[in-house]
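Examination of the molecular architecture
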Amino acid sequence: MSIMNRVGDWITGSQIWGSIFRHGAPKDRRTRAMVVLTNVFLHLHPVAVRKSGIKLSFTWCMGGLTFFLFLVETISGVLLMFYYRPVVEYAYTDIQGLRAHVTLGLLREIHRWGAHAMVIAIWLHMMRVFLTGSYKPPREFNWGVGVILLVLTLLLSFTGYLLPWDQLAMWAITVGSNMARATPVLGNEGPGAAFLTIGGAPIIHAGSDARFGLLAGTFVGENALLRFYVLHCVAIPLAVSVLIAVHFWRIRKDGGISGPL
Amino acid sequence: MLAESGSMQGLIDLIFSPSVIFLGSSAILAAYLTFRRALARPTAAVFAFFIFTAIYIWLCTAIKDHDGRLIALFPDNFPITLMLYSTFSLAWLGLWKAVQNDDRVARGEPLIEAGADDKVFTWPDLVYTELICMVVATAAITVWAIVLKAPLEPPANPMDIPNPSKAPWYFLGLQELLVYFDPWIAGVLLPGFIIVGLIAVPYIDKNPKGNGYYTFSERPLAISLFYFGFLIMWVVLIMLGTFLRGPNWNFFAPGHQWDPHQSAALLNINVSDIFWIKLLGGGLPSNFVIREMPGIVLLAVYFILIPVALARTLFARLFRQMGFVRYAIFMVLFMTTALVPIKMIFRWTINLKYIVGITEYFFNV
């Protein structure tokens, strides 16, 4: 028996190893089932899957890729938060500093391109699920969860777009958030808003409408920057995390990757 | 400048207009779906790939204007290229597999995805595929991050409004719709309907066939509608909004300078103008309800009478399958979606501005 095997046996035979992994290496049917059942991350998978379902030409791996990109965005985003202050005075210069002074300054590139790739991947995932009819019973509810996740992904990307605080950011968000002004009833220039008055004074005006709620102001300024930062870094990622857990859980409970009935 | 290139530029101007691009790509999609057994073959797909690539490279290089070139070669717009290629090639792959499956069903053979009992363990078969995908994705993102720098423009300046001001690229299809609809429809109602409509899909689509495998013949309406909605009304409009819309959101065919002073002299008219002034030869009534009555009647006919007529003719089988409530919801979504290309066509042909234009209350359709 070689020295490596001895060391290996000593490690896997120790109490520490045994306390973490409750079974041997996944080499037979029992341990291969155990490895999925006893691992909190792997147990989102079923123990066994349809052979035709895991073919790349069937799933295109787009759902998995979207989730992986979400992890990439989370990790690179947390690192970016160390270098970035969401106030008008510093936001832009912090991004400049990130580019000029931080070793291996690829963080922002990875974060931005990963975000774009995530948007594309989630659209393609939706297309695959539609074309294979995988939203049909029993997966109707999970399709709806997926649609919400898609919307949240776009909102994540949209809120992040403002944070560099350059011309591109400010005017793209201005164009996008101007739409909220036209929300029916709740927007200052939306149909129906003019009927909401108290004693002749309008309830919905530029300082109280849906756009004001989104930007915390009547223009894209420092309040909007803080609001988008909190939405981007905390609120939406939390919602997405919860819904991803529901989404994966339901895939498993609804019979795993779809296939002919 | 224009006289030199002569008829070639004239031809390009003719092809590259919003109407020809939208209707042309819709016609290509319709032909592709109709003749899918010939056109979805890999050889035809490779041929289409090269034609598309040639047009695309030419499109990116033919933008003569400095600003336009910056936008076409802007790193932040590289994802659009990625999206176009991945979307079109995967849309093709889905159709090709559907054609193969439909042929198998016609011959009485099992589906590509058949064999539900041949299960494999998640470990190692699935986790290894996932690991390989993760490694490939990590490598791709890293290379992408090294090659292309994330854009950083001059600091935000509320006094300096860029022209054109564009939304992030994935919303440019919606921004394009602002040409044809007021913001409350293009920016609020239609996105809301897209979200609600997508969530409603499994509850509306009662067709039990095609669950879990690629097919076209077993659900032609659903697949055609999805391809049209996603590929034409979302992806093609994004491409149009990115490469062909310049200052003041004017349309610039390839080869033209992005002139911020180019005037787009268009006298857009409302249905009320057509009815009261052109047809009756009088003036507009002062009461806006009476003034807009022709448009309101048109919309009522469109949203109520046409669905009823369809339920008795073309969609008779669909109506029986769905029942009243599902059919009503489907029709609200379907007719609203159809209103988008219909209004676009009326804008291109008779310069229609509003069907119902109650500008007093921002209620313009």
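Residues numbered from 1 in each chain as written. Chains lettered and ligands numbered in written order. Predicted model: local features only at pLDDT ≥ 70, side-chain atom pairs only at ≥ 80, totals over all residues.

**A few points about the overall build of chain B**
Counting secondary structure elements, chain B contains 16 helices and 3 strands. With the principal axes as the frame, chain B shows a C-alpha extent of 75 × 55 × 45 Å. Buried positions account for 28% of the 365 residues belonging to chain B. Partitioning the intrachain contacts of chain B with sequence separation of at least 6 by distance along the chain shows that 69% fall at a separation of at least 24. (Helix = DSSP H or I, 4+ residues; strand = E, 2+ residues; numbered from the N terminus. Buried ≥ 20, exposed ≤ 12 C-beta atoms within 10 Å, placed from the backbone. Contact = placed C-beta atoms within 7 Å.)

**Observations regarding the overall build of chain A**
In terms of regular secondary structure, chain A is built from 11 helices and 3 strands. Shown N-terminal to C-terminal, the secondary structure of chain A runs as helices and strands in the order α-α-α-β-α-α-α-α-α-α-β-β-α-α. A globule of 261 residues ought to have a C-alpha radius of gyration of about 18 Å, yet chain A, at 24 Å, is considerably larger. Structurally, chain A occupies a C-alpha span of about 85 × 55 × 35 Å along its principal axes. Counting only residues that meet the buried cut, chain A has 44% of its 261 residues in that class. Across chain A, contacts joining residues at least 24 apart in sequence account for 62% of those joining residues at least 6 apart. (Rg over C-alpha atoms; globule rule 2.2 N^0.38 Å.)

**Overview of the domain arrangement of chain B**
Residues and elements named next belong to chain B. As assigned here, chain B comprises domain 1 (1-151 + 250-263) and domain 2 (167-212 + 266-365). One C-alpha centre belongs to domain 1, the other to domain 2; they are set 29 Å apart. Counting residues at the interface gives 6 residues for domain 1, matched by 4 residues for domain 2. Broken down by secondary-structure element, the contributors of at least two residues to the side of domain 1 that touches domain 2 are helix 3 (18-34) and helix 7 (78-107). Its residues assigned to classes, the side of domain 1 that touches domain 2 shows 3 nonpolar, 2 polar and 1 charged. (Domains from an automatic or database assignment. Nonpolar A, V, L, I, M, F, W, Y, C, P; charged D, E, K, R; others polar.)

**Some remarks on the interface of chain A and chain B**
Every contact between the two is made by 79 residues of chain A and, on the other side, 73 residues of chain B. Listed by contribution, the elements that provide at least two residues to the side of chain A that touches chain B are helix 3 (29-37), strand 1 (48-50), helix 5 (62-81), helix 6 (91-101), helix 7 (107-131), helix 8 (140-162) and helix 9 (167-178) of chain A. Looking at the side of chain A that touches chain B element by element, the count peaks at 14 residues for helix 7 of chain A. In the side of chain A that touches chain B, the residues fall into 49 nonpolar, 18 polar and 12 charged. Here 3 bridges tie strand 1 of chain A to strand 1 (residues 119-121) of chain B, and the two strands are oriented antiparallel to one another. Each bridged residue has a counterpart across the sheet, and for V49(A) the counterpart in strand 1 of chain B is V120(B). (Pairing = 2+ DSSP bridges.)

**Things to note about unusual backbone geometry**
The omega angle of the peptide bond from P137(A) to P138(A) is 10 degrees, so this bond is cis rather than trans. Here P138(A) lies in the loop between helix 7 and helix 8. Here W123(B) and P124(B) are connected by a cis peptide whose omega angle stands at 10 degrees. In the Ramachandran plot, W60(A) falls in the positive-phi region, its phi being about 60 degrees despite a non-glycine side chain. Along the chain, W60(A) turns up in the loop between helix 4 (56-59) and helix 5. One non-glycine residue, W249(B), lies in positive phi territory at about 60 degrees. Summarising the element assignment, W249(B) is placed in the loop between helix 11 (220-243) and helix 12 (271-279). Residue W249(B) is classed as partly exposed on the basis of its 16 C-beta neighbours within 10 Å.

**Overview of helix 3 of chain A**
Residues spaced three or four apart along an α-helix face the same direction, because each turn holds 3.6 residues. Buried within helix 3 of chain A are the following residues: R32(A), V35(A) and V36(A). For helix 3 of chain A, the angular spread of buried residues about the axis comes to 95 degrees, placing them on one side. Those residues of helix 3 of chain A that are buried lie in contact with strand 1 and helix 8 (122-147) of chain B. (Arc of directions from axis to C-beta.)

**A look at the packing of helix 7 of chain A against helix 7 of chain B**
Two elements in contact, helix 7 of chain A and helix 7 of chain B, have axes separated by 10 Å at closest approach and are oriented at 15 degrees. Comparing the axis directions of helix 7 of chain A and helix 7 of chain B gives the class roughly parallel. As helix 7 of chain A packs across helix 7 of chain B, the resulting crossing turns out to be right-handed. Contact residues: H116(A), I120(A), L124(A), M127(A) and L131(A) in helix 7 of chain A; P79(B), L82(B), M83(B), S86(B), T87(B), L90(B), A91(B) and G94(B) in helix 7 of chain B. (Axes fitted to C-alpha atoms, helices over the stretch in contact; angles between N-to-C directions. Parallel < 35°, antiparallel > 145°, perpendicular 65-115°, else oblique. Left-handed = near helix turned anticlockwise from the far one by under 90°.)

**With respect to the nonpolar core**
One broad trend across soluble globular proteins is that nonpolar side chains are buried collectively. Residues L69(A), M118(A), A121(A), L162(A), A169(A), A172(A) and I238(B) are the most contacted members of the largest nonpolar core, which totals 116 residues. Tallying contributions element by element places helix 7 of chain A first for this core, with 16 residues. Shared between two domains, this core holds at least three residues of each, these being domain 1 (1-151 + 250-263) and domain 2 (167-212 + 266-365) of chain B. Setting aside chain neighbours within four positions, we find A169(A) in contact with Y161(A), L162(A), L163(A), P164(A) and A156(B). (Core = buried A, V, L, I, M, F, W, Y, C linked by C-beta atoms within 7 Å.)

**Things to note about the confidence of the model for chain B**
Mean pLDDT for chain B: 89, with 96% of residues reaching 70 or above. Among the scores for the predicted complex, ipTM is 0.93 and pTM is 0.93. (pLDDT = per-residue confidence, 0-100.)

**Brief notes about the environment of F121(B)**
With respect to the helices and strands, F121(B) occurs in strand 1. Residues F121(B) and F47(B), 74 residues apart in the sequence, show an inter-C-alpha distance of 40 Å. Apart from the residues within four sequence positions on either side, F121(B) is in contact with R32(A), V47(A) and A48(A).

**Quick notes on the packing of helix 3 of chain B against helix 11 of chain B**
Residues and elements named next belong to chain B. Running from N to C, helix 3 and helix 11 point in directions that differ by 150 degrees, and their axes come no closer than 10 Å. Helix 3 and helix 11 meet at a crossing whose hand is right-handed. Where helix 3 abuts helix 11, its residues P18, I21, F22, S25, S26, L29 and L33 lie against S224, Y227, F228, L231, I232, V236 and L240. In terms of residue class, the contact of helix 3 with helix 11 is built from 11 nonpolar, 3 polar and no charged.

**Topic: the environment of L156(A)**
Residue and element names in this part refer to chain A. Along the polypeptide, L156 turns up in helix 8. Taking the C-beta count within 10 Å as the criterion, L156 has 24 such neighbours and is therefore assigned buried. Along the primary structure L156 and G255 are separated by 99 residues, whereas in three dimensions their C-alpha atoms are 30 Å apart. If we skip the residues at most four places from it in the chain, L156 touches H232 and I236.

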